There are 4 protein chains.
Amino acid sequence: MAASRKNTRLLQFSLDPKSGVPYYKQIILQIEMAIADSRLSTGDQLPTVRSLAVELQINPNTVARAYSELEIRGIVHTQQGTGTFIADKEIQLDEIERERILAEITRGFVTKASSYGFSMEDVISYLQELNR
Amino acid sequence: MAASRKNTRLLQFSLDPKSGVPYYKQIILQIEMAIADSRLSTGDQLPTVRSLAVELQINPNTVARAYSELEIRGIVHTQQGTGTFIADKEIQLDEIERERILAEITRGFVTKASSYGFSMEDVISYLQELNR
Amino acid sequence: MAASRKNTRLLQFSLDPKSGVPYYKQIILQIEMAIADSRLSTGDQLPTVRSLAVELQINPNTVARAYSELEIRGIVHTQQGTGTFIADKEIQLDEIERERILAEITRGFVTKASSYGFSMEDVISYLQELNR
Amino acid sequence: MAASRKNTRLLQFSLDPKSGVPYYKQIILQIEMAIADSRLSTGDQLPTVRSLAVELQINPNTVARAYSELEIRGIVHTQQGTGTFIADKEIQLDEIERERILAEITRGFVTKASSYGFSMEDVISYLQELNR
DNA sequence: GTGGTCTAGACCACG
DNA sequence: GTGGTCTAGACCACC
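Residues numbered from 1 in each chain as written. Chains lettered and ligands numbered in written order. Predicted model: local features only at pLDDT ≥ 70, side-chain atom pairs only at ≥ 80, totals over all residues. Heavy atoms only, no water.

## Comments concerning the overall build of chain A
So the rule is basically this: We count a stretch as a helix when DSSP gives it H or I for four or more residues in a row; a strand needs E for two or more, and each element gets its number in order from the N terminus. Per-residue accessibility, obtained with a 1.4 Å probe over protein chains only, is compared with the maximum for each type, and a residue is labelled buried under 20%, exposed over 50%, and partly exposed between these values.
Along its length, chain A carries six helices and two strands. Listing each helix as α and each strand as β along chain A from the N terminus yields α-α-α-α-β-β-α-α. Sorting the 132 residues of chain A into buried and exposed places 33% on the buried side.

In structure tokens, the structure reads:
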């Protein structure tokens, strides 16, 4: 069952030097995805800058840059001398507003997908596969 | 079947300034994808540099660079004073590449949706509703 | 007349090394204030990273960091090889929503001010003075 | 007159995690300001470390550090097992310092309001309306 | 020990 | 010439 497996997957970072995607963006992406699929939740602590730098064998500044961008975007919250934590999402929207926002971001996504030749069916199938 | 869908979907460009992918690469990729799934075929004319630049609100040099790189790779053919046309070179974007692109654009959508509190199920339901 | 003087004030950066406020934050602040009082508007180009670094006699990375934070926050838009520009504000809210937002940010401000012992009259006087 | 306002405004702490100012300094400053404008006077008891930590949802060590620094500066006096009390030291925050603080908290508010398209006039009108 | 700031300098990608 | 990325290393502030 997918549900029962959800929190059994550990947070595991990996960098691909050949991808052309900067390290700091790869880190951001992996954290965002972990939040999106509940491997990270509000209040969870991220690895320290230094420990993640050692683990990934990169410069601590590169990790710090990733964390800093996430902080600016309100996705994590860092407290000096303590660490970096997943921020509280303070989402208080009524249903109408929620639907309006969903419609808006979906429209952008569908347009973009179709520019690359993907149909509605393609994206729905893909999302369903992701969700398994 | 790809063949039966031919020309039923229009060529529509869209640029994402926030993706980090340079505009000229986004254009190249969208043209390649259009060729790969038969929305563009040998001999079809591309928009002129100037008109596409106006449409996308970018510098004509950027469009020119995209076309020029496509020409170097033998994918399009430019006729001075006439326009730019799809060459007869076969474009082979394998399934892995296609999926990589779909994954990338889907990621942004999913993380954005999740930042507003929408689950995977929410977005799938909404897309299915749109598609009815 | 205040109005006639508005756009006659030039953008002029200055850093105070003794303030304890990091250079990059001072730069961000000065740009934000310039936008808030219309010395900078949508589409205006900021000084280049290197030129501002020379002008302020600091490391270009420090300027880049300020610009990068502004970009993440959607306040400026940078295009590689071209420069950094004040972003379009795409504000499309109805009146009810606008008032709700104003109420919300004002409430936070008033609470904070009162924690420091400032009364409503104090902040109103101060704002009126700023606006002269 | 300051004297006539004494005790008519309550002591209310608030912390801004995004200000960049460490919590312990925000607490110190708010206490100093409260003494300076007579919301706190010689002999008044401060909240206990533990209760203030709970109220502000921060680590008790952070509150303790603020109180400890105030004690070193002779502004408060701690009696083991009893509590922390305002000492008889005069606090002199000159007008320039007061204005600096007001300027700082106002800045954040003004730039935030402006990012939503509100002008200085808008926010002043709104505050005046609130104050009626 | 934690994150924050800044510098110096190198190399790359974009227009 | 423009900004983007990354490194190495130093010093500081916070808890």
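Next comes the rest of the description.
## Describing the packing of helix α6 (residues 120-130) of chain C against helix α6 (residues 120-131) of chain D
Here is the rule we go by: Here the axes come from fitting lines to C-alpha atoms, over the contacting stretch only for helices, and the angles between their N-to-C directions go from 0 to 180 degrees. Orientation labels follow simple angle bins: below 35 degrees gives roughly parallel, above 145 gives roughly antiparallel, 65 to 115 gives roughly perpendicular, and whatever is left gives oblique. Two helices crossing with the near one rotated counterclockwise from the far one by less than a right angle form a left-handed crossing, whereas a clockwise rotation gives a right-handed crossing. Throughout, a residue-residue contact means that at least one pair of heavy atoms, one from each residue, lies within 4.5 Å. Three classes are used: nonpolar for Ala, Val, Leu, Ile, Met, Phe, Trp, Tyr, Cys and Pro, charged for Asp, Glu, Lys and Arg, and polar for all others, with Gly counted as polar.
At a closest axis distance of 10 Å, the pairing of α6 of chain C and α6 of chain D adopts a crossing angle of 160°. It follows that α6 of chain C is roughly antiparallel to α6 of chain D by the angle criterion. Viewed along their axes, α6 of chain C and α6 of chain D form a crossing whose handedness is left-handed. Mapping the contact onto sequence places Met120, Glu121, Val123, Ile124, Leu127, Gln128 and Leu130 of chain C in α6 of chain C and Met120, Val123, Ile124, Leu127, Gln128, Leu130 and Asn131 of chain D in α6 of chain D. When its residues are assigned to classes, the contact of α6 of chain C with α6 of chain D shows ten nonpolar, three polar and one charged.

## Things to note about the confidence of the model for chain A
For clarity, the cut-off: Known as pLDDT, the predictor's confidence for each residue is given on a scale from 0 to 100.
Residues with a pLDDT of 70 or more make up 88% of chain A, whose mean pLDDT is 84. In the predicted structure, residues 1-8 of chain A sits below a pLDDT of 50 and forms four contacts with residues beyond four places in sequence or in another chain.

## Focus: the protein's contact with DNA strand F
Rule in force here: In these notes, residues near a molecule or strand are those with any non-hydrogen atom within 4 Å of it. Pairs of N or O atoms are called polar contacts if they sit within 3.5 Å, as long as, within protein, a hydrogen donor faces a hydrogen acceptor (for residues adjacent in sequence, only side-chain-to-side-chain pairs).
Neighbouring DNA strand F are 26 residues, the closest being Tyr23, Thr62 and Arg65 of chain A, Arg50 of chain C together with Pro22 of chain D. Take tyrosine 23 of chain A: an N or O atom from its main chain is 2.5 Å from a phosphate oxygen of DNA strand F. A distance of 3.0 Å separates a base nitrogen of DNA strand F from a polar atom in the side chain of glutamine 80 of chain A. Counting only elements with at least two residues in the surface near DNA strand F, the list comes to α2 (23-36) and α4 (60-72) of chain A, α3 (49-56), α4 (60-72) and β2 (83-86) of chain C together with α2 (23-36) of chain D.

## A look at the protein's contact with DNA strand E
DNA strand E sits among 27 residues. The nearest are Arg50 of chain A, Pro22 of chain B together with Tyr23, Thr62 and Arg65 of chain C. If you look at DNA strand E and keep only atoms within 4 Å of the protein, 65% of those are sugar or phosphate atoms. Threonine 78 of chain A places a polar side-chain atom, nitrogen or oxygen, 3.1 Å from a sugar or linking oxygen of DNA strand E. Between a base nitrogen of DNA strand E and a side-chain N or O atom of asparagine 61 of chain C, the distance comes to 2.8 Å. Secondary-structure elements contributing two or more residues to the surface near DNA strand E are α3 (49-56), α4 and β2 (83-86) of chain A, α2 (23-36) of chain B together with α2 (23-36) and α4 of chain C. Residue classes in the surface near DNA strand E are distributed as seven nonpolar, 14 polar and six charged.

## Focus on the packing of aromatic side chains
For the record, the criterion: Within 6.5 Å between ring centres, the rings of Phe, Tyr and Trp (the latter by its six-membered ring) count as paired, and their orientation is classed by plane angle as stacked under 30 degrees, edge-to-face over 60, tilted in between. Only Lys NZ and Arg CZ are tested; either one counts as a charge over a ring when it is within 6 Å of the ring centre and within 35 degrees of the ring normal.
For the structure shown, the criterion picks out two aromatic pairs over all chains. Between phenylalanine 109 of chain A and phenylalanine 109 of chain B the ring centres are 4.1 Å apart and the planes differ by 5°, which places this aromatic pair in the stacked class. Here phenylalanine 109 of chain B lies in helix α5 (residues 95-115) and phenylalanine 109 of chain A lies in helix α5 (residues 95-115), a pairing that spans two chains. Take phenylalanine 109 of chain A and phenylalanine 109 of chain B: they sit in the same class, and that class is buried. Here the guanidinium or amino end of arginine 65 of chain B rests over the ring plane of tyrosine 24 of chain B, the centre of that ring lying 4.0 Å away.

## Here we look at the interface of chain B and chain A
Inclusion rule: A simple way to read buried area is as the amount of 1.4 Å-probe accessible surface that goes missing from two parts once joined, with both sides added. Criterion for a salt bridge: a side-chain nitrogen of Lys or Arg within 4 Å of a carboxyl oxygen of Asp or Glu.
Tallying the contact residues gives 40 residues for chain B and 36 residues for chain A. When the two sides are added together, the surface that chain B and chain A hide from each other amounts to roughly 3700 Å², 68% of it contributed by carbon and sulfur. A per-residue breakdown of the area chain B buries against chain A is headed by Ile105, Phe118 and Tyr126 of chain B, which together make up 16% of the total. Ionic pairing is found between arginine 98 of chain B and aspartate 122 of chain A, a salt bridge with its closest N-O pair at 3.9 Å. Mapped onto the side of chain B that touches chain A, the elements with two or more residues apiece are α2, α5 and α6 (120-131) of chain B. The biggest single contributor to the side of chain B that touches chain A is α5 of chain B, with 15 residues. Of the residues that constitute the side of chain B that touches chain A, the class distribution is 18 nonpolar, twelve polar and ten charged.

## Focus: the packing of α6 of chain C against helix α5 (residues 95-115) of chain D
Viewed as axis vectors pointing N to C, α6 of chain C and α5 of chain D meet at an angle of 75°, and their least axial separation amounts to 11 Å. One finds that α6 of chain C runs roughly perpendicular with respect to α5 of chain D. Residues Asp122, Val123, Tyr126, Leu127 and Leu130 of chain C of α6 of chain C pack against Arg98, Glu99, Leu102, Ala103, Thr106, Phe109 and Val110 of chain D of α5 of chain D. Across the contact of α6 of chain C with α5 of chain D, the residue classes break down as eight nonpolar, one polar and three charged.

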